[in-house]
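Observations on chain architecture
So the chains spell out like this:
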Amino acid sequence: MEAIILQILNGLDKGSAYALIALGLTLIFGTLGVVNFAHGALFMLGAFVAVTMQRVLTLGFVPEGATGTSAGGFSFGTARETPYVEHWFGPEVGGTIIDWAVPISILVAIPVMALIGVAMERGLIRFFYKRPHADQILVTFGLAIVLQEIIKHYYGANPIPTPAPDVFVGSFDFGQVLGFDPYTIMYPYWRLVYFGFAAVVIGGVFAFLQFTTFGMVVRAGMADRETVGLLGIDIDKRFVVMFALAAIVAGMAGVMYTPILSPNYHMGMDFLVLSFVVVVVGGMGSLPGAVAAGFLLGILQSFASMTEVIELIPGINQVVIYLVAIIVLLTRPRGLMGRKGVMEE
Amino acid sequence: MLGLKKSDLRLYLIVLALLIFAPFLLNPFPDTSGLAQFNAGYPDLMQKLIIFGLFAVGFNILFGLTGYLSFGHAAFLGVGSYAGVWMFKLLTMNVVPALIVSTLTAGVFALLIGFISLRRSGIYFSILTLAFAQMSYSLAYSVLTPITGGETGLQLSLDDPRIIGISRTESGNIPVPHFFGLEMNSATTIDFGAWSFTFSAGYYFAAVIFAVAFFLTIRLFRSPFGLMLRAVKSNQSRMSYTGLNSRPYALAAFVISGMYAGLAGGLMVAMDPLAGAERMLWTASGEVVLMTILGGAGTLIGPVLGAGVIAYLESIISTINENVLHQWFGGLPDWAENTLVTVVEPFVGEGWHLTLGAVFMLVVIFLPGGIVQAGRLIARFFRRNRGEVGALSGEPERRPGE
């Protein structure tokens, strides 16, 4: 029992990331009808917003009169740089700000990702609405390569550790809460935060679509673009906003994921392949499907990584997601919650 | 001749000539000149050009003719490589059985994957093939380590049985892949003035294989079967209305193109008997898509051009570094030199992939027909200037059906 709960919990954080990326992919696909292979790159860019924020916040100067010991003209071990924020706000507040670099990055990531999203849609993707899906895949694939290579050029190829605030270091003892022995189900705090964050974002997106007029128009546009256009609504403008929203969701998912996985330039591609599988399993164009499939596959993957399961079927942890995708596509071609008439030429 | 139309025959003869004279053509700069780094006439690179050309030609049979975009084609290349190395390990270092077995293994593998993947079309097909390839990659990397060598890759060793051949040479080394005694790494160098041309046995062997494969491709393109595949691409529903089941045709194309990939994988290990899982990674699959598109999907010569350009640029651009750039722009005023170097520097050396991505985007955006389309546009432009509008320019645009 403990083992099962532990695996479900372990699957949640990965599942959250899959769900968030898949949600954005589906939003773009459902509204604009574009298959966006660069969505993983947006996730990665989000993660690097966090890295940049951390660097900006720790940007410092060496206080005057505190240069390190110098001997024979060479200076060894210069004095610790004082970050500007510590200088401005005092060591206490400044230290806290630096410590909370990742959550603070969220605030920066929203406008940055929105800008990137709009630039991407207006600058590139809108020219591809009328082109075949193969062209859309190819051009966004090219864009993904370009984006990740730019990041590689400026940040290097190695993963950059980006820690969570100290408060969230350590693990939460789930076992005790649920009445099991202590230390049986330990779960890192930050993963808990990530799951909560994902739930809030997903809830927010759904509420936005469900309870606002804007969201209603967008949903109508997803169902029948032409009719909405005939009613005198400029649906394209709203779809651009949805693209920006999808970029923000992917970016925030990336920012918050940095303490779990140190960001490197190809993390976007790694997640993208799986997120595509998630979208297909959930059903192309279905938002609840994408979210459900994201969590489902995340949890499934974590179950398949259990030693008992691996002993039974070696290698299953590597392939379970693809296997499920293949089975789902063959038995339920539209995915778990797919709508009729989406992507069926 | 050879059952080819006149224009096809001309194309084929040009390709043959290029293959034969490649060691000269790719070595236009004297060794002593500063431009020698742009020479491509050394065996490793020439073999690479041929092998990727073969891979892209095979991929084009599927993507160019039927329009099915496979994002997992590298898996077949990887399977072919593994099969080839196993033949070297178990049977003999002769490349013939290795090539046959790698082609057939890849074919069986493609039959299996194609049978399942082709139940769906469009983006679903792309994702299914991607899923299969990633699955093969993960398995090759982890569980199948006894067969694939896992992280280190599959290598030859001195203890391999090699039933027909020899386990080790008299000097105690691992034998070299050979074609009935002709060793693949043997080469003759001819010095001519400041030039030195290398003729490698491996290159010419690969070139012969490529020539045969390319001939088969032309025949396939012009056959009724090829026509049927184009029909699958342009309008599948109309085909089913006329009572034709298109899936066997698509599957046949898939298997054939998988076999080309397997053959390319076999050739790869024939030149360098080492197979690794990273050859199956989806970025490798993406690369062959890039080659085909860059050259021009659906055309005969396009994939060859695309593969050549990408393989050439990769090896040349990745050797350029900041010092070389400073040397190039050295004649300019300092401020111009530094600006140019700063602008160009991210695109060369390790930044080669950035160039690749950027070029690829530009091609997809502005030239969906690739290099071949560019050539046609230029040809048409000149013809129009000579006042022969309409005489020959009426060639229909080959746009993929939607």
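Residues numbered from 1 in each chain as written. Chains lettered and ligands numbered in written order. Predicted model: local features only at pLDDT ≥ 70, side-chain atom pairs only at ≥ 80, totals over all residues. Heavy atoms only, no water.

1. A short note on the overall build of chain A
Rules: What counts as a helix is a DSSP run of H or I of at least four residues, what counts as a strand is a run of E of at least two, and both are numbered from the N terminus. For the radius of gyration, the atom set is restricted to C-alpha positions; the globular benchmark scales as 2.2 Å times the number of residues to the power 0.38. Should any heavy atoms of two residues lie within 4.5 Å, those residues are considered in contact. For every accessible area listed, the method is Shrake-Rupley and the probe measures 1.4 Å; residues are considered covered only by the protein chains on display. Just so you know, the count uses Lys and Arg for positive and Asp and Glu for negative, and it drops His and the chain ends. Note that the charge is assigned to NZ on lysines, CZ on arginines, CG on aspartates and CD on glutamates.
Per the secondary structure count, chain A includes 14 helices and six strands. Its C-alpha radius of gyration of 23 Å places chain A within 12% of the 20 Å reference for a compact globule of 345 residues. Overall size of chain A, expressed as C-alpha extent along the three principal axes, is 75 × 55 × 35 Å. Once local pairs closer than 6 in sequence are excluded, the contacts in chain A between residues at least 24 apart make up 73%. Carbon and sulfur atoms form 65% of the exposed surface of chain A, whose accessible area is close to 15200 Å². Here chain A contributes 17 positive and 22 negative side-chain charges, whose respective centroids are spaced 14 Å apart.

2. Topic: the pattern of salt bridges
Once their charged atoms are close, side chains differing in charge can pair, the charge on each being opposite to the other. Short version of the rule: Salt bridge, as used here: a side-chain nitrogen of Lys or Arg that lies within 4 Å of a carboxyl oxygen of Asp or Glu. The buried label goes to any residue with under 20% of its type's maximum accessible area, the exposed label to any with over 50%, and the partly exposed label to all in between, with areas taken from a 1.4 Å probe on protein chains only.
Throughout the structure, instances matching the rule amount to ten salt bridges over all chains. A salt bridge links A:D135 to A:R131; the nearest nitrogen and oxygen atoms lie 2.9 Å apart. No difference in accessibility class separates A:D135 from A:R131, as the two residues are buried. A:K152 serves as the salt-bridge partner of A:E149, at 3.9 Å between the closest nitrogen and oxygen. Here A:K152 and A:E149 lie together in helix α5 (residues 133–155), a separation of three residues that amounts to about one turn. For A:E149, a relative accessible area of 6% puts it in the buried group. Taken together, the shared-partner salt bridges in this structure form one network comprising B:K89, B:D160 and B:R162.

3. Let's talk about the interface of chain B and chain A
As a reminder of what qualifies: Accessible area that two parts lose when put together, with a 1.4 Å probe and added across both, is what the buried area reports. Distance and chemistry together define a polar contact, namely a pair of N or O atoms within 3.5 Å, with one atom able to donate a hydrogen and the other to accept it when in protein, and with adjacent residues in sequence counting only for side-chain atoms on both sides.
Between chain B and chain A, the residue contacts involve 39 residues of the former and 40 residues of the latter. The junction of chain B with chain A conceals about 3700 Å² of combined surface from both sides, 81% of it contributed by carbon and sulfur atoms. It is B:I123, B:Y124 and B:W282 in chain B that bury the most area against chain A; as a group they hold 18% of the surface buried on that side. Along the contact surface separating chain B from chain A lie zero salt bridges. Summed over the shared surface of chain B and chain A, the number is one residue pair in polar contact (both at pLDDT 80 or more). Of all elements in the fold, only α5 (122–141), α11 (282–295) and α15 (352–366) of chain B reach the threshold of two or more residues within the side of chain B that touches chain A.

4. Considerations on the pairing of strand β5 (residues 195–200) of chain B
Residue and element names in this part refer to chain B. Note the threshold: Only when DSSP finds a minimum of two bridges between them are two strands counted as paired.
For β5, the tally of buried residues reaches five of six residues, placing the bulk of the element in the interior. Where strand β4 (residues 187–192) meets β5, six bridges bridge the pair, whose relative direction is antiparallel. Its bridge partner lying in β5, T188 is registered against F199.

5. Section: the side chain of B:T292
Residue and element names in this part refer to chain B. Take T292: it is sitting in helix α11. Owing to a relative accessible area of 0%, T292 belongs among the buried residues under this scheme. Once you skip the residues sitting within four places of it in the chain, T292 turns out to touch A56, F59, N60, F63, A297 and P303.

6. Observations concerning unusual backbone geometry
Residues and elements named next belong to chain B. In the Ramachandran plot, R162 falls in the positive-phi region, its phi being about 45° despite a non-glycine side chain. Residue placement: R162 occurs in the loop between β1 (154–155) and β2 (178–179). You can call R162 buried: its relative accessible area is 1%. Of note in the backbone geometry, F180 takes a positive phi value of approximately 45° without being a glycine. Within the secondary structure layout, F180 lies in the loop between β2 and β3 (182–183).

7. Topic: helix α2 (residues 39–58) of chain A
We apply this condition: By this rule the span expected of a helix is its residue count minus one, scaled by 1.5 Å.
Taking 1.5 Å as the rise per residue, α2(A) with 20 residues should run 28 Å; its terminal C-alpha atoms sit 29 Å apart, in good agreement. Most of α2(A) is tucked away, with 16 of its 20 residues classed as buried.

8. Regarding the packing of aromatic side chains
Rules: The aromatic pairing rule takes the rings of Phe, Tyr and Trp, using the six-membered ring of Trp, and pairs them if the centres are within 6.5 Å, calling planes under 30 degrees apart stacked, those over 60 edge-to-face and the rest tilted. As a reminder, the over-ring test applies to NZ of lysine and CZ of arginine, requiring each to be within 6 Å of the ring centre and within 35 degrees of the ring normal.
Enumeration over the complete set of coordinates arrives at 35 aromatic pairs over all chains. Note on A:F43 and A:Y257: the rings are 6.1 Å apart at their centroids and 55° apart in plane angle, and the pair reads as tilted. Within this pair, whereas A:F43 is found in helix α2, its partner A:Y257 is found in helix α10 (residues 235–257), the two being separated by 214 residues in sequence. Taking the relative accessible area as the measure of exposure, A:F43 reaches 0% and is therefore buried. Its relative accessible area of 4% is what places A:Y257 among the buried residues. Look at B:F76 and B:F254: their rings are 5.6 Å apart centre to centre, the planes differ by 90°, and that puts the pair in the edge-to-face class. Separated by 178 residues along the polypeptide, B:F76 in helix α3 (residues 74–90) and B:F254 in helix α10 (residues 247–271) bring together distant segments of the chain. Aromatic ring contacts, followed pair by pair, group A:Y18, A:F43, A:Y194, A:F197, A:Y257 and A:F271 into a single cluster. It is B:K89 that lies over the ring of B:W86; its NZ or CZ is 5.7 Å from the centre. The ring centre of B:Y124 lies 4.8 Å from the NZ or CZ of B:R120, which sits over that ring.

9. Observations concerning the side chain of B:T129
Residues and elements named next belong to chain B. As for its position among the elements, T129 is in helix α5. A relative accessible area of 3% places T129 in the buried class. At a separation of 2.8 Å, a polar atom in the side chain of T129 contacts the main-chain carbonyl oxygen of S126.

10. Thoughts on the pairing of β4(B)
With zero of six residues buried, β4(B) is to be regarded as a mostly surface element. Where β4(B) folds back onto β5(B) in an antiparallel hairpin, the turn is made up of two residues, including B:G193, whose phi is positive at roughly 60°.

11. Points about the nonpolar core
Where we set the bar: To form a nonpolar core, buried Ala, Val, Leu, Ile, Met, Phe, Trp, Tyr and Cys residues must be joined to one another through side-chain atoms within 4.5 Å.
If you look at the biggest cluster of nonpolar residues, it comprises 226 residues, and the most contacted ones within it are A:L20, A:F37, A:F141, B:F210, B:F214, B:L267 and B:W282. Among the elements that line this core, the one with the most residues is helix α1 (residues 2–32) of chain A, at 15 residues. Apart from residues no more than four positions distant in its own chain, A:L20 is found in contact with A:Y194, A:F197, A:A198, A:V201, A:I202, A:V249 and A:A253. In terms of nonpolar packing, the next biggest core, distinct from the first, is built from five residues, A:M53, A:L57, A:V85 and A:A101 among them.

12. Brief notes about a nonpolar patch on the surface
As a reminder of what qualifies: Within this analysis, patches are made of residues with over 30% relative accessible area and no salt bridge. Like charges are joined at 9 Å or less; nonpolar side chains (Val, Leu, Ile, Met, Phe, Trp, Tyr) at 5 Å or less.
On the surface, B:I14, B:L18, B:I20, B:F21, B:F24 and B:L25 cluster together into a nonpolar patch covering about 570 Å² of accessible area. The residue B:L25 is located in helix α1 (residues 6–25) in this model.

13. Notes on the environment of B:S121
Residue and element names in this part refer to chain B. By secondary structure assignment, the location of S121 is in the loop between α4 (95–117) and α5. Under the relative-accessibility criterion, S121 is labelled partly exposed at 28%. In this structure the C-alpha to C-alpha distance between S121 and A284, which are 163 residues apart in sequence, comes to 22 Å.

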